[in-house]
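One letter stands for each residue in the lines below.
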Amino acid sequence: MASQSDRGVPLSTLSPKYLHSNSTSHTWPFSAIAELVDNAYDPDVKAKQLWIDMTEIKGEKCLSFMDNGSGLNYETMQKMLSFGYSEKKAVNKHQPIGIYGNGFKSGSMRLGKDAIVFSKSKSMSCVGMLSQTYLVEIGADKIIVPIVCFEEGKSDKFSVREEHKASLQDILSYSPFETQEELLAEVDAISSVCSRGKTGTRIIIWNLRRTSTGATEFDFETDPYDIRIPLEVCEELNDSSPHAKKATSDIPESKYSLRAYCTILYLKPLMQVVVRGQKVTSVFMAKTLAWTEKDHYKPTFLDKRIPITFGYNTKSKDQYGIMMYHKNRLIKAYERVGCQLKANNKGVGVIGIIECDFLEPTHNKQSFIENDMYRKIMHNLGIKLEEYWNEIRYRKSKENPSSTVPVEDTITRPDQTWVHCDDCMKWRKLPDEINVKRLPKKWFCSMNPDPQFRSCLVDEEAEDSDNEPSYIKTYKQEKEEKKKQENKIQQDKQDLRHLEKQELNAMDREMKTLEQQHKRILRQLNQKSPFSEMIQMNQPLQEVAVTAESPLPSSSSQAACSTSTTPGLPSSPSVKPQRGKRTQLVNSQNTPKRLRTSGFQERTSLSPNPVTMPMECSYNAAVDITSEETAAVPQHY
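Rules used in this analysis
- Residues numbered from 1 in each chain as written.
- Predicted model: local features only at pLDDT ≥ 70, side-chain atom pairs only at ≥ 80, totals over all residues.
- Heavy atoms only, no water.
- Helix = DSSP H or I, 4+ residues; strand = E, 2+ residues; numbered from the N terminus.
- Expected span 1.5 Å × (residues − 1).
- Buried < 20%, exposed > 50% of the residue type's maximum accessible area, 1.4 Å probe, protein only.
- Pairing = 2+ DSSP bridges.
- Salt bridge = Lys/Arg side-chain N within 4 Å of Asp/Glu carboxyl O.
- Contact = heavy atoms within 4.5 Å.
- Axes fitted to C-alpha atoms, helices over the stretch in contact; angles between N-to-C directions.
- 1 Å grid on protein atoms, 1.4 Å probe; cavity = no way out; pocket = protein on both sides within 12 Å on 5 of 7 lines; lining within 4 Å.
- Points joined across faces, edges and corners; volume = space filled by probe spheres on them.
- Nonpolar A, V, L, I, M, F, W, Y, C, P; charged D, E, K, R; others polar.

Draft legend 1. Quick look at helix α2 (residues 29-41). Look at α2: 19 Å from first C-alpha to last across 13 residues, which is about the 18 Å you get at 1.5 Å a residue. With respect to burial, α2 is a largely interior element, twelve of its 13 residues being buried. When α2 is considered as a whole, its buried residues turn out to be P29, F30, S31, A32, I33, A34, E35, L36, V37, D38, A40 and Y41.

Draft legend 2. Layout of the pairing of strand β13 (residues 329-335). Buried residues dominate β13, accounting for five of its seven residues. Pairing of strand β12 (residues 321-326) with β13, which is carried by four bridges, proceeds in the antiparallel orientation. Bridge pairing links I322 to E335 in β13. Here β12 folds back onto β13, and the loop between the two strands holds two residues, one of which, K327, carries a positive phi near 55°.

Draft legend 3. Local environment of the pattern of salt bridges. Inspection of every chain in the model, using the stated rule, returns 28 salt bridges. Between E178 and K58 there is a salt bridge whose closest N-O contact spans 3.4 Å. Here E178 is found in the loop between α6 (165-174) and α7 (180-193), whereas its partner K58 is found in the loop between β1 (49-57) and β2 (60-67), with 120 residues between them in sequence. Of the residues examined, E178 reaches a relative accessible area of 54% and is grouped as exposed. Its relative accessible area of 52% is what places K58 among the exposed residues. Each of D295, K384, E387 and K473 takes part in a single network of salt bridges with overlapping partners.

Draft legend 4. Here's a closer look at the sheet that holds strand β5 (residues 147-152). Taken in spatial order, the nine strands make up an open sheet running β6-β5-β4-β3-β7-β2-β1-β8-β9, and their pairing is mixed. Single-partner strands in this sheet number two, and they are β6 (158-160) and β9 (278-279). One ladder, built from eight bridges, connects strand β3 (residues 112-120) with strand β7 (residues 200-208); its direction is antiparallel. The partner of S119 across the bridge, within β7, is T201. Sheet contacts for α2: β1, β2 and β7; angle to β1, the most-contacted strand, approximately 130°. Along the sheet, helix α4 (residues 103-111) makes contact with β2, β3, β4 (125-131) and β7, crossing β3 at roughly 125°.

Draft legend 5. Inspection of the environment of N22 at higher detail. Along the chain, N22 turns up in helix α1 (residues 18-23). Looking at N22, the relative accessible area reads 8%, which means it is buried. Once the C-alpha coordinates of N22 and G107 are considered, the two residues, 85 residues apart in sequence, prove to be 9.1 Å apart. Residues contacting N22, with those up to four places away along its chain left out, are F83, N102, K105 and S106.

Draft legend 6. Examining empty space enclosed by the protein more closely. With the rule as written, the count across this model stands at two cavities of 30 Å³ or more. Counted as a void, the largest cavity has a volume near 60 Å³. Every residue lining the largest cavity is listed: C262, T263, L265, Y266, P269, M271, V273, V280 and S282. When grouped by side-chain class, the residues that make up the lining of the largest cavity number seven nonpolar, two polar and no charged. If you add up the space inside the second largest cavity, you get close to 50 Å³. Residue lining of the second largest cavity: P96, I97, I99, Y100, H326, K327, R329, I331, P361 and K365, and that is the complete set.

Draft legend 7. Inspection of the sheet that holds strand β10 (residues 289-297) at higher detail. The strand order across the open sheet formed by five strands is β10-β11-β14-β12-β13, and the pairing between neighbours is mixed. Each end of this open sheet is capped by a strand with a single partner; those strands are β10 and β13. Going across the sheet, the axis of each strand differs from the next one's by a mean of 20°, ignoring polarity. Against the sheet, helix α10 (residues 372-399) makes contact with β10, β11 (306-313), β12, β13 and β14 (350-355), and its axis sits at roughly 135° relative to β10, the strand it touches most.

In structure tokens form, the structure reads like this:
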């Protein structure tokens with residue numbers, strides 16, 4: 001059963017059931033179609049045009065894809081129908097999107113059970129088939145892909161090699177085409193439509209997937225120039241009619257319209273897409289916004305800044321979020337971040353555009369692998385988007401402070417007008433006064449009003465450099481200025497409080513010093529006076545001589561009898577101090593009180609001679625000065 005190598009080692013094989021299980025990675029039908037569009041866009045094919053249509057073959061609805069690329073030979077056809085073969089390389093900065101070698105298989109088998117490929121290259125014409133129905137009917141236990149090559153003879157007749165006749169027979173038996181002439185007619189259709197080099201590839205998918213009601217999951221009737229997903233198939237909607245209005249407003253049109261999806265599929269479209277005979281209006285997504293500003297994000301895991309373009313949606317304010325691209329290909333559309341996820345009006349109408357080549361997309365190219373880098377970029381995108389929203393609101397309020405109309409309700413047209421040449425596929429910038437809606441369906445460089453870019457031979461106009469500085473966030477500058485002023489006021493208040501605290505501390509220290517001096521004075525006053533001790537010992541004061549220690553007032557006469565009660569007076573050596581009540585001898589004249597310093601009188605020599613106490617001063621003349629002395633001493637300073 002198992003195939004073996006030349007050495008007898010078993011080879012791994014794929015069961016036919018894998019075709020279906022592999023296709024289930026595409027939960028959304030348009031993601032499967034995008035895989036086939038990418039194959040035509042990649043630099044190894046480099047098609048300039050791609051036609052997507054619905055065609056009927058023998059009464060059965062089929063999907064057809066045809067490009068005018070370089071075509072396939074037998075070897076490249078076999079790799080295309082096999083798994084994991086991808087040899088795509090960048091050409092002139094045109095990065096390939098397909099990297100896993102699985103896009104055609106997963107995409108085509110998601111759309112239908114069977115697919116047939118016609119391709120015309122410069123050397124030959126090939127036909128290949130990938131069919132689940134065929135594998136089931138022949139009872140295959142491995143995936144088999146019939147491929148046949150037609151070689152053109154001298155008489156314009158095609159011949160088939162002997163080794164390809166079995167494949168030809170199987171294709172005629174299990175495909176909608178029953179004769180060799182029918183196959184060659186499809187090959188000739190490539191040459192007739194693809195005038196550019198007369199090479200290209202045509203893919204037809206039949207046995208389209210159907211819903212539980214038996215209808216196909218595509219709506220071909222509502223719009224004859226579009227392929228739509230019915231409401232019952234659209235993932236965000238239910239079958240109930242109230243959601244019909246939501247499908248055209250809150251839900252982005254690109255979710256259910258293939259035409260709308262193809263307009264935003266590439267960040268900068270390099271290929272023209274035609275859906276059901278009508279050209280898709282290519283959109284340079286970053287040039288369709290209003291109030292456009294460019295910001296940058298510098299991740300820690302990269303050496304360069306990542307540019308981010310912000311602006312307001314000019315078509316519908318209900319369609320907003322981050323457009324995340326990878327190598328020019330849309331991966332996630334209208335992904336809401338930061339303030340847009342909250343139940344308020346913050347961020348409404350704002351679109352952000354970023355090319356995340358540093359992230360790794362999932363193999364169905366509808367999301368990124370959610371690792372640490374992805375989570376960091378999503379968090380910072382939310383911060384950047386809210387900063388942009390605050391800045392635009394701040395500018396609008398400065399321009400018109402009395403306006404109450406939200407910014408998203410005032411947007412009517414984009415900041416710039418860009419158009420795609422139908423011949424050279426180059427983008428040209430038009431003057432602002434030109435309305436892009438009034439341009440003809442087919443536009444060429446020769447119609448450009450700017451003579452500098454009026455030829456297809458002239459290169460595209462240079463875009464803004466990624467090294468240019470980010471836009472100035474004036475609202476943050478004013479906010480920071482206000483914060484600085486508030487901080488300065490707060491600092492001044494703190495300095496004032498600190499100064500007041502220092503002054504209070506100084507006053508407190510002074511009060512403590514005064515209290516200590518007061519206590520010393522009280523202790524000195526409580527010491528025993530020499531006169532009180534002499535009174536207690538009943539010793540006469542007849543011969544006691546007292547030397548005046550302080551100057552007498554010049555304006556008054558000398559006191560006849562004066563007694564000092566301060567400790568500054570010297571004590572007589574013959575008289576011992578004695579505890580008792582302090583007394584003062586007075587005469588009929590008032591003696592002015594002498595100033596005290598720390599409880600003691602300083603020695604001065606204003607009077608050279610000592611004053612001798614007269615004998616008339618007796619003990620009975622002494623008076624109690626306790627109350628007067630105490631009253632003379634200040635209790636508090």
